[in-house]
Every structure is written in structure tokens, then in C-alpha cells.
Amino acid sequence: MATRRFDAPDDAVLNALYEDLADRDLQPLWELSGLLTPTPEARAVPYRWRGKVLRELGERAGELVPVDRGGDRRVLSLSNPGLDGTPRATATLWGAVQYLGPGETAPAHRHTPAALRFVLDGEGVWTLVDGDPLHMSAGDLILTPSWTWHEHHNPGDTPMTWFDALDLPLVAALDAVFFEPSDRRETPSATPERSASERRFGGGPGLLPGGTAAPAPAHSPLLRYRWADTDRALGDQLAEAGSEAERTGHAHVRFADPTNGRDVMPTMRCEMHRYLPGHTAAAERHTGSALMAVFRGAGAVELDGALHSLSPGDLIAIPSWTSARLLADEPLDLFSVSDAPVLEALALYRAETASG
Ligand code: GTQ
Ligand code: FE2
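The following paragraphs examine the structure supplied in this document. The structure presented is a predicted model; accordingly, all values stated were derived computationally and were not measured. (Residues numbered from 1 in each chain as written. Chains lettered and ligands numbered in written order. Predicted model: local features only at pLDDT ≥ 70, side-chain atom pairs only at ≥ 80, totals over all residues. Heavy atoms only, no water.)

1. Description of the site of ligand 1
The following threshold applies: The cutoff for a nearby residue is simple: one of its non-hydrogen atoms must lie within 4 Å of the molecule or strand. Pairs of N or O atoms are called polar contacts if they sit within 3.5 Å, as long as, within protein, a hydrogen donor faces a hydrogen acceptor (for residues adjacent in sequence, only side-chain-to-side-chain pairs). To be clear on the numbers: accessible area is Shrake-Rupley with a 1.4 Å probe, and residue cover counts the displayed protein chains and nothing else. For this scheme, ten residues count as nonpolar: Ala, Val, Leu, Ile, Met, Phe, Trp, Tyr, Cys and Pro. Four count as charged, namely Asp, Glu, Lys and Arg, and the remainder, Gly too, count as polar.
Neighbouring ligand 1 are the residues Arg-73, Val-75, Trp-94, Ala-96, Gln-98, His-109, His-111, Arg-117, His-150, His-152, Asp-164 and Leu-166. Here His-109 contributes a side-chain N or O atom positioned 3.1 Å from an oxygen atom of ligand 1. At 2.9 Å, a side-chain N or O of Arg-117 approaches an oxygen atom of ligand 1. Relative to its free-state accessible area of 290 Å², ligand 1 is covered by the protein chains to the extent of 91%. Within the shell around ligand 1, the residues separate by chemical class into four nonpolar, five polar and three charged.

Dropping the structure here:
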């Protein structure tokens, strides 16, 4: 095939082409840049919100704003400074603190974005998921999977704040958001110590209900993961002589669907980490974004070389391909949620250990 030869184009003629392209809603690729970057260039920035500030502002909102304003949820959304003031903690994850005062109820609704709660402090709120009352207490993970009805009740006499994570920005980018309110307003009459989901699927280590397997739902049927179990699992890893956790001073568990070992929900992976002072876990980066919540302890996180100190209640946004390294001054317990299952399902997950 003969190679075409071009004479130096006349600017006016070329500009006329560009104007016609724009008029017809077309863009020439050769004039575009920043599309196919050598490595991911997240617009979200690595960021830390202080637990102390979140608690204080949550309390102020609790005094000033009734819970029925703004979608029936008294929620302060993490707005990443790199994302133009939108209520997104990262490109794919919504993060928030929710504050529910004594005697208050956040009424039932459901939506296609999946949600989870990690309780940083206190207890006493009941979240009903498809009518199943789940008690929330410090260190617990509570799931409200896509399209499940959920409502929050605080029958006690102390306020409660917790960390919410949702896949809302991802579901919104896919134009797949549906929402439905419910007329249900009654407070739960029975609040059993163990939820129905735990009685069926949290019966004991390795025990699942017998009989013909029901078709697997898209999410874990176990909706509450108790701190006592998470804490014991982390402690056991560190106590086992010669284990990787014992050698490195870093224990971690992944919250899984007990019926198949998969992630708790199709779009979000949840993990709990415990770092001991002097641990040797290396800096790491991977595709996909994550949020971390500091449960207990003290230390710091180095994100792309910048050090952020960590105290209980702090929330951290880690955009895609950000190098992260944890430092512990005392045993540091961190909850993390990421969009890793999405990246894995689409064969886009990449990870590497990096020096920062
Ligand atoms: O508790 O149902 O942070 O619907 C954002 C949206 C919490 C909730 C959020 C919600 C909820
Ligand atoms: Fe909700």
C-alpha cells in the first residue's frame, strides 16, 4: 500500500475541519491528551479526615438538624478535595459518618447502591435489614446489601456515630441508581441478641444450615460480623508461632460470605488489619480505591510519600495506584473497604509493592 504524503496543511482549512468536527459532536483523538496514561492518574487525592472533627461536627448537626431532613439520614459525606466538591470519598466509594441521637429513627428505604456500616464507638442502635434486627456495637461490621430494606433505630439514651461506606459513585457512574422509600414507621418490637442472619449463617465455625443449597444470593447472607470474632481471629494469627502474621507483626482478615468465601458484596471488599509496632509490612499500591477507618491504636500512614498521623475515628481515602505504608506506634486496628472485587471481576486488578 502506498503511503500518502501530506503537504503542510493550511491553518484556515485545518481549523475549519476542527470547527466542523466540534459542530457535529466529534473530537479528533490526535488532539486529545491524558486519556491513555502510562499508569492510573486518579483525580481523587490521598486524604485524611480527623475523627475528632467528624465527631464534633456530627454532634453539632445532631443538635441543629432534625433527622428527617435530607433523605432521612443525618450523614456527613466525605468530599475528596480532588473531586470538585462532589460527595465522593474516592472515584467509586462514598464514605460518611452518620449520627443518630437518642430516641431517633432513620426510616426504612432501599436502593441499588450497596452499603455497610463499621461501628467506631458506642452501641445501642438497631439496624433492620429486610426486617432482621441487627444490633450495632463497637467494632461490628453490618451489611445492607443492594436493594435490601434498611432502617436505623436508637432506642437508648446516648447518641451514636458510625462509619458508612457505599458503592454509590460507582453505581451512579453506571447509571444504575434506583431508590424506594417505605411507609414503615414502627420501631422494632423484638430485638433478639442474635439476628436471624447470625442464627442461620453464624451458628459456629464451619457450620452452615443443612439441606439443599438455596440459589446463592449476590451477597453474604450473614449481615453482622461481630467484633469479638474479628478480634479473636486477628489475635490468633499473631499468637501462632511462625505464622506470617507473627513474623511480620501484621495480621489481617477478609470479611467473607460464609457459604462460598467470596467478598461480602459484589462491589466491596472489607478487611480488618492489626499492625504491631515495628511490623515489617511493605508499602503497596494497587488499582482500585479504598477507605480506611482507624478503630483503635495510634500510628501513621504514608500515602505517596506524605505522612498522616492516625488516631481512633480517623477516616482515610486511598485513591487508585497510591502507595500506602502503615506505621504503628501502638497496636493499630484498621477497618478497610475497597472496590477490589470490581477490579478483579473485570480483570483490571494490579498490585505491586512499592518503596513509596
Ligand atoms: O444509612 O441508609 O451514608 O442511604 C448514605 C445513604 C447512609 C443509610 C449513607 C444512605 C445511608
Ligand atoms: Fe440507605
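2. Considering the sheet that holds strand S11 (residues 179-181)
How we decide: Between any two strands, pairing holds if DSSP finds at least two bridges. Helix and strand definitions follow DSSP, with helices as H or I runs of at least four residues and strands as E runs of at least two, each counted in order from the N terminus. Simply put, an axis is a line fit to the C-alpha atoms, just over the touching stretch for a helix, and the angle between two N-to-C directions goes from 0 to 180 degrees.
The antiparallel open sheet is built from five strands, whose spatial order is S7-S6-S9-S4-S11. Unpaired on one side and paired on the other, strand S7 (132-137) and S11 mark the two borders of the sheet. Taken over all neighbouring pairs, the strand axes of this sheet differ in orientation by 25 degrees on average, direction set aside.

3. What to know about the environment of Ser-77
To be explicit about the condition: Exposed residues in this analysis have more than 50% of their type's maximum accessible area, buried residues have under 20%, and partly exposed residues fall in between, with area computed by a 1.4 Å probe over protein chains only. Contacts were defined at the residue level, with two residues in contact if any of their heavy atoms lie within 4.5 Å.
As for its position among the elements, Ser-77 is in strand S2 (residues 75-77). We classify Ser-77 as partly exposed; its relative accessible area is 27%. Considered as a pair, Ser-77 and Pro-188 are 111 residues apart in the sequence and their alpha carbons are 27 Å apart. If we skip the residues at most four places from it in the chain, Ser-77 touches Pro-87, Arg-88, Trp-94, Gly-95 and Ala-96.

4. Focus: the nonpolar core
Defined as follows: Throughout, nonpolar core names a set of buried Ala, Val, Leu, Ile, Met, Phe, Trp, Tyr and Cys residues whose side chains join them through atoms within 4.5 Å.
Residues Leu-116, Phe-163, Met-272, Phe-335 and Val-337 are the most contacted members of the largest nonpolar core, which totals 48 residues. Met-272 has contacts with Phe-118, Trp-227, Thr-230, Leu-234, Ala-251, His-252, Val-253, Phe-255, Phe-295, Asp-333, Leu-334 and Phe-335, leaving out every residue within four places of it along the chain.

5. A closer look at the coordination of the iron ion (ligand 2)
Where we set the bar: For Na, K and Ca the donor cutoff is 3.2 Å, while for all other metals N, O and S atoms count as donors only within 2.8 Å; water does not appear among the atoms, so some sites may look incomplete.
The iron ion (ligand 2) binds to the protein through His-109 (NE2), His-111 (NE2) and His-150 (NE2), with metal-donor distances spanning 2.1 Å. The motif formed by the donor residues of the iron ion (ligand 2), counted along the single chain, is H-x1-H-x38-H. With respect to class, His-109 is no different from His-111; both count as buried.

6. A few points about the sheet that holds strand S5 (residues 115-118)
Within the open sheet, the six strands sit side by side as S2-S3-S10-S5-S8-S12. Their pairing is antiparallel. The sheet terminates laterally at S2 and strand S12 (224-225), the two strands that pair on one side only. The sheet contact formed by S5 and strand S10 (residues 160-166) spans four bridges and is antiparallel. Each bridged residue has a counterpart across the sheet, and for Ala-115 the counterpart in S10 is Leu-166. Sheet contacts for helix H2 (residues 51-64): S2 and strand S3 (94-100); angle to S3, the most-contacted strand, approximately 50 degrees.

7. Let's talk about a negative patch on the surface
Rules: In this scheme, patches are assembled from residues that exceed 30% relative accessible area and form no salt bridge. Like charges are connected within 9 Å, while nonpolar side chains (Val, Leu, Ile, Met, Phe, Trp, Tyr) are connected within 5 Å. Salt bridges are counted wherever a side-chain nitrogen of Lys or Arg sits within 4 Å of a carboxyl oxygen of Asp or Glu. Counted charges follow a simple rule, with Lys and Arg positive, Asp and Glu negative, and His plus the chain ends left uncounted. Where a charge sits is defined by one atom per residue type, namely NZ (Lys), CZ (Arg), CG (Asp) or CD (Glu).
A contiguous patch of negative charge, built from Glu-19, Asp-20, Asp-23 and Asp-25, is present on the exposed surface. Summarising the element assignment, Asp-23 is placed in helix H1 (residues 11-23).

8. As for the packing of aromatic side chains
Rule in force here: Aromatic rings from Phe, Tyr and Trp, with only the six-membered ring used for Trp, were paired whenever their centres fell within 6.5 Å, and each pair was classed as stacked if the ring planes differed by under 30 degrees, edge-to-face if by over 60, and tilted otherwise.
Overall, the coordinates contain eight aromatic pairs when judged by the stated rule. Both rings, one in Phe-118 and one in Phe-335, keep their centres 4.5 Å apart while their planes meet at 10 degrees; by these two values the pair is stacked. Remark: Phe-335 occurs in strand S19 (residues 324-338) and Phe-118 occurs in strand S5; sequence separation between them is 217 residues. Phe-335 matches Phe-118 in its accessibility class, with the two residues each being buried.

9. Let's talk about unusual backbone geometry
Of note, the phi angle at Asp-25 is positive, near 60 degrees, even though the residue is not glycine. By the element assignment, Asp-25 lies in the loop between H1 and strand S1 (47-49). Positive phi values are uncommon outside glycine, yet Trp-321 reaches one of about 65 degrees.

10. Re the pattern of salt bridges
Enumeration according to the criterion identifies 17 salt bridges in this entry. One salt bridge in this structure joins Asp-84 and Arg-43, with 2.4 Å as the shortest N-O distance. Placement of the pair is Asp-84 in the loop between S2 and S3 and Arg-43 in the loop between H1 and S1, with a sequence separation of 41 residues. Both residues of the pair, Asp-84 and Arg-43, count as exposed. Arg-50 is the salt-bridge partner of Asp-314, the closest N and O atoms lying 2.8 Å from each other. You can see Asp-314 sitting in the loop between strand S17 (306-310) and strand S18 (315-318) and its partner Arg-50 sitting in the loop between S1 and H2, a full 264 residues away along the chain. A network of salt bridges, in which partner residues are shared, links Arg-254, Asp-263, Arg-269 and Glu-344.

11. A few points about H2
For clarity, the cut-off: Here a helix's expected span is defined as the number of its residues, less one, multiplied by 1.5 Å. Of all possible arcs, the one meant is that of the directions from the helix axis to the C-beta atoms.
Counted at 1.5 Å a residue, the expected span for H2 with its 14 residues is 20 Å, and the 20 Å between its end C-alpha atoms agrees. Residues of H2 that are buried include every one of Gly-51, Leu-54, Gly-58 and Ala-61, and no others. For H2, the angular spread of the buried residues around the axis is 90 degrees, confining them to a single face. Residues Lys-52, Arg-60, Glu-63 and Leu-64 are exposed on H2 and point more than 90 degrees away from its buried face. Buried positions along H2 lie against S1, S2, S3 and S18.

Any link to function would need more than the numbers given here.
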